[in-house]
Amino acid sequence: MSAASPTPAPSEPGAIALSARFITPVVEGDAAPLLRREFTLDAGHGEVAEATLLLSALGVCEAWINGVPVSPDVLTPGWTSYEWRLRYSTYTVTELLTGETAVLGLAIGDGWFRGRLGWGEGVQRYGDDIAGFAELRVRFADGHEQCVVTDESWSAASGTVTADSLYDGQDIDARRALRGWNTPAFDASAWGAVKIVPFDLGRLEPYIGPPVQRQEEVVPQRVWTSPAGATLVDFGQNLVGWLRVSVRGTAGHTITIRHAEVLENDELGIRPLRTAKATDRFTLSGADDIFEPTFTFHGFRYAEITGWPGGIDAIEAGAVTAVVIGSELQRIGRFRTSDRLLNQFHRNVVWGMRGNFVDVPTDCPQRDERMGWTGDIAAFAPTAVFLVDAKNFLRDWLRDLALEQANHNGAVPFVVPDILKYLPAGGEFPPMDSTAVWSDAAVWVPYALWQAYGDTTVLTEQWESMTSHVRRVRSKLSPSEVWDTGFQFGDWLDPDAAPDEPWKAKANTGVVATACAYRTAKMVAEVAGVLGREAEQREFTELADSLRSAFVAEYVSGDRILSDCTTVYTLAIAFGVLDDDQRTWAGERLAELVADSGFRISTGFAGTPFIMDALSSTGHLDTAYRLLLQRESPSWLYPVTMGATTVWERWDSMLPDGSINPGEMTSFNHYALGAVADWMHRVIGGVAPLEPGYSRILVAPRPGGGLDWAETTLETPNGAVSVRWERHDGALTLELQVPLGATAVIRLPGTSDENVLAGEHRRTVLAAG
C-alpha cells in the first residue's frame, strides 16, 4: 500500500481546537524514541468515511499507521521560530485504516529543536525534551467521530537510531530493530510509559509552505581507492540528502560514511565542514539491511566508505544510492543557450537553490551553519521565484521573519529563524540591528513574490513587517539623512578582500546602505499605493525622495561616487538613485572599472546581483556579456571550468591548483552569487513582467556575447510563456508564445515596441552587431 498523500495546507494560519498533547518517554532511552498507540475502531458506525492525521513534533518525526508511512514527507515539522510558532502537517489517511484494530506509531529525532545549531559548540538548544504530537480524527459513515491522540495512554521504546544530528550525521544499529513495532501483531507489553511535555498549543499552526520530501536518486559515477587507501564514491553532482545503503554482513560490524563536497589532494576535502562531522554509521544486523538516515542531511558530492564487507570490490550496483531531498517545489522556469558553460552555470544555480531550499532558505547545506541568512535570499529571490513556484515556501519563511522582527523591536535579524540571539554576549557578531541588504529581505522578498505571481496576499501579510523595517532604518539615519551609522555587512565578500577578512570591501558602507534604503523605501511606497494606503504612500515617497537627495549631496562629487568602485556605481544606477545625466557618466565609469578589472568580478555581495543590469541599462551590453562569460577567476564561469555543479560561496572556493581556499567560510553550495540568473532570464532570455504576475509581459531579448540562440520558458499564473531567438546569416528570428489572459510587448533591437495578444508570434529583424 502506498503512503497517503498530504492534504493541501490552509492558505492562512489559524487556530484549531486540539486534544492531543506532546509526549516523550518518561525514562529517556539510549536511542531515538519510538512512540506507539494501539486502538480499536469504534464499532457499529459503518465504514470509515474519512480519517485525518495532524502531526507535529518537538524535533522531527515520522509516522506510520499499521506499518505504512502516512506520508512521503521527511524532517517534519521542519524549522520555524519555535519560540512563537510550530507547524503541524495534515494528512488524509483513510485508506490506511483497513481493519478493526490499528496502530499509530511515531519515531522522533532531535532535528533543529534539540540538535546542535551554529558554529563551534553551537548555540543554546530550543529545548531539552523531544516529543511527538499526533491527533487522528476518524469519521464514520453515520457521522460518528472518533479521536485518537497522543496522551499518557501511549507507550515508548528506544529504536535503532543511536545518534542523530543534522550537522554530525546519524548512527543506526540494525541489531536493535523491533520488527513490526508499528503494527497490531506486535507485543508492546514491555514498552515504557510516556509523559506529557508542557507546550503552548496556541503556537501550533498549519504549514503555509510545502513539506520536505525525497526528490530524486543519484547513482555513483565512480568508485575507487584513494592514495591513502580510502574507498571514495563520486556521485557526479553536489547535492543535499543522504545515502541509502543496502548491505549484508556480520552482525555488529559497522560501516562508516563521511561526506564532503570536494576532494583535495585526491582525498575527501572535509576542512570546509568546520566542526560538522557529516558522518553516518551503520551497524549491521547479520541479515539483509537497508539503511536510510532520515533524521539528518548532508551537502556532498563525494562519500568515503569505511568498513564495507568484502571491501571496494564487493560494492554492488544499487548498493549505495544518493537520495536528494528538498522542499517540494514545482519547477516553472527554464533557460538554455548555445553556450555550454553558461548552461552548466544555470544548472548549478538550480541545484544550489534546491539544496538550500530544505524547509528554510539557507546559505549552505553542509557545514556547521545552514542558517536562513536574510541577505542571501534578499539577493536571490527574483531568481528563485522564476525557477520554481516559491510563493508559499517564502511566505512561510517570511512569517518567521515577521515574528523575529516583532520581538527584536522592529529590527530584521541576520538569520531567520534567529539562533544568533542565543550566542554568548560579546561573541563574534555585534548586537543585532538593522543592516542593509540583509534586513531589506523584509521588503525585497515579498516584493519579488508579488512581481512574479501577481498575488497581493503576501503584501498584506507582510505590510507591518515592511513598514516597521523602513521606519527603523529611518530612525538610524544620520543628521545628513544618509544611513552611515551602526554595523553593516556592506559589500560582503568583495573578491579583493583577504580570505579571512570578508567585510573589508572597497565600497563605502554608507553608500551601500543609503542606496539600499532608497530602493526599499521606494518599493514600500509602491506597495502602499497597491494596497490603497495613501498616507503611507506619501510617507515613504517623501522618505525615498529625501534619501535620494541626501545620497547625491553626501556621496556624489562631480562625476564620481564616494569610494569609486564598481559596487557603488552599480547600486546607484540599478536602484535609480541618479538622474539621467548622472546615469550616463556613472555607466561609463562602471564600464571603465569593469574593463580595468580585466572583465573579472570586482563586486561583493551587495553589488554582484545588480551589476549586469547597471551595465546593460546604460548602454554597455557588450561589457556586461564579457563580464558574464569571463572564465578566469573571479567570475561566474570560473567554477564551471573547475568542475563545479553548484554555485560557490567564494569566486575561488577552489583555487586553480585544486586546493581549497584557505578562508574559514568556503562553501561549494551557496546560491547567492547565482542571482545573476535573474538578469539572464530577462535580458538574454527576454522574459520579464511588465505588470505583476506577467499579465503583461516584456519580451525584449538582447543577444550578445557570441550567443547564437537562447530559449526561455516560464509557467506564469496565466499559463506558459515561451521565447526562443536565433541569430543566423545576419538576421535575428524570434518565436514567442503568449498565454491566454496575458498580453506582451515585443521589443527587438532596431524596432519600435509592438503590442501583441495571446497566441504564437514570429518575427525576424536584422541582427545587431
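Keep in mind that what you see is a predicted model, and the values were worked out from it rather than measured.

## Re the layout of surface pockets
Here is step 1: Its volume calculated, the largest pocket comes out at about 1,200 Å³.
Here is step 2: Along the wall of the largest pocket there are 35 residues; nearest its centre are Gln 451, Arg 519, Asp 613, Asp 678 and Arg 682.
Here is step 3: A class-by-class count of the residues in the lining of the largest pocket yields 23 nonpolar, four polar and eight charged.
Here is step 4: In this structure, the second largest pocket spans a volume of roughly 920 Å³.
Here is step 5: Contributing to the lining of the second largest pocket are 35 residues, with Glu 62, Trp 64, Thr 160, Trp 181 and Glu 292 lying nearest its centre.
Here is step 6: Taken together, the elements giving at least two residues each to the lining of the second largest pocket come down to strand S4 (60–65), strand S6 (73–74), strand S13 (169–173) and strand S23 (288–291).
Here is step 7: Of the residues that constitute the lining of the second largest pocket, the class distribution is 20 nonpolar, eight polar and seven charged.

## Notes on empty space enclosed by the protein
Here is step 1: All told, the structure shown has four cavities of 30 Å³ or more when counted by the stated rule.
Here is step 2: Contributing to the lining of the largest cavity are Phe 345, Asn 348, Trp 636, Pro 639, Val 640, Thr 646, Val 647, Trp 648, Arg 650, Trp 651 and Leu 673.
Here is step 3: Partitioned by chemical class, the residues of the lining of the largest cavity number eight nonpolar, two polar and one charged.

## Regarding the side chain of Asn 348
Here is step 1: Structurally, Asn 348 is set in helix H2 (residues 340–356).
Here is step 2: With relative accessibility at 1%, the residue Asn 348 sits in the buried group.
Here is step 3: Ignoring any residue separated from it by four or fewer positions in sequence, one finds Asn 348 in contact with Val 640, Ala 644, Thr 645, Thr 646 and Val 647.

## So, the pattern of salt bridges
Here is step 1: Throughout the structure, instances matching the rule amount to 50 salt bridges.
Here is step 2: A salt bridge links Arg 85 to Asp 396; the shortest N-O distance between them is 2.5 Å. Separated by 311 residues along the polypeptide, Arg 85 in the loop between S6 and strand S7 (86–92) and Asp 396 in helix H4 (residues 391–406) bring together distant segments of the chain.
Here is step 3: Given a relative accessible area of 0%, Arg 85 falls into the buried group.
Here is step 4: On the basis of relative accessibility, which here comes to 2%, the residue Asp 396 falls in the buried class.
Here is step 5: Residue Arg 472 pairs with Asp 433 through a salt bridge whose shortest N-O separation is 2.9 Å.

## Here's the deal with the pairing of strand S19 (residues 254–260)
Here is step 1: Across five bridges, the pairing between S19 and strand S22 (residues 279–283) is antiparallel. Residue pairing for S22: Ile 255 is matched across the bridge by Phe 282.
Here is step 2: Relative to strand S24 (residues 298–306), S19 is paired through five bridges, and the arrangement is antiparallel. When the sheet's bridge partners are listed, Thr 256 is paired in S24 with Thr 306.

Reading the values: rules and limits
Residues numbered from 1 in each chain as written. Predicted model: local features only at pLDDT ≥ 70, side-chain atom pairs only at ≥ 80, totals over all residues. Heavy atoms only, no water. 1 Å grid on protein atoms, 1.4 Å probe; cavity = no way out; pocket = protein on both sides within 12 Å on 5 of 7 lines; lining within 4 Å. Points joined across faces, edges and corners; volume = space filled by probe spheres on them. Nonpolar A, V, L, I, M, F, W, Y, C, P; charged D, E, K, R; others polar. Helix = DSSP H or I, 4+ residues; strand = E, 2+ residues; numbered from the N terminus. Buried < 20%, exposed > 50% of the residue type's maximum accessible area, 1.4 Å probe, protein only. Contact = heavy atoms within 4.5 Å. Salt bridge = Lys/Arg side-chain N within 4 Å of Asp/Glu carboxyl O. Pairing = 2+ DSSP bridges.

The analysis is restricted to geometry; functional conclusions fall outside its scope.
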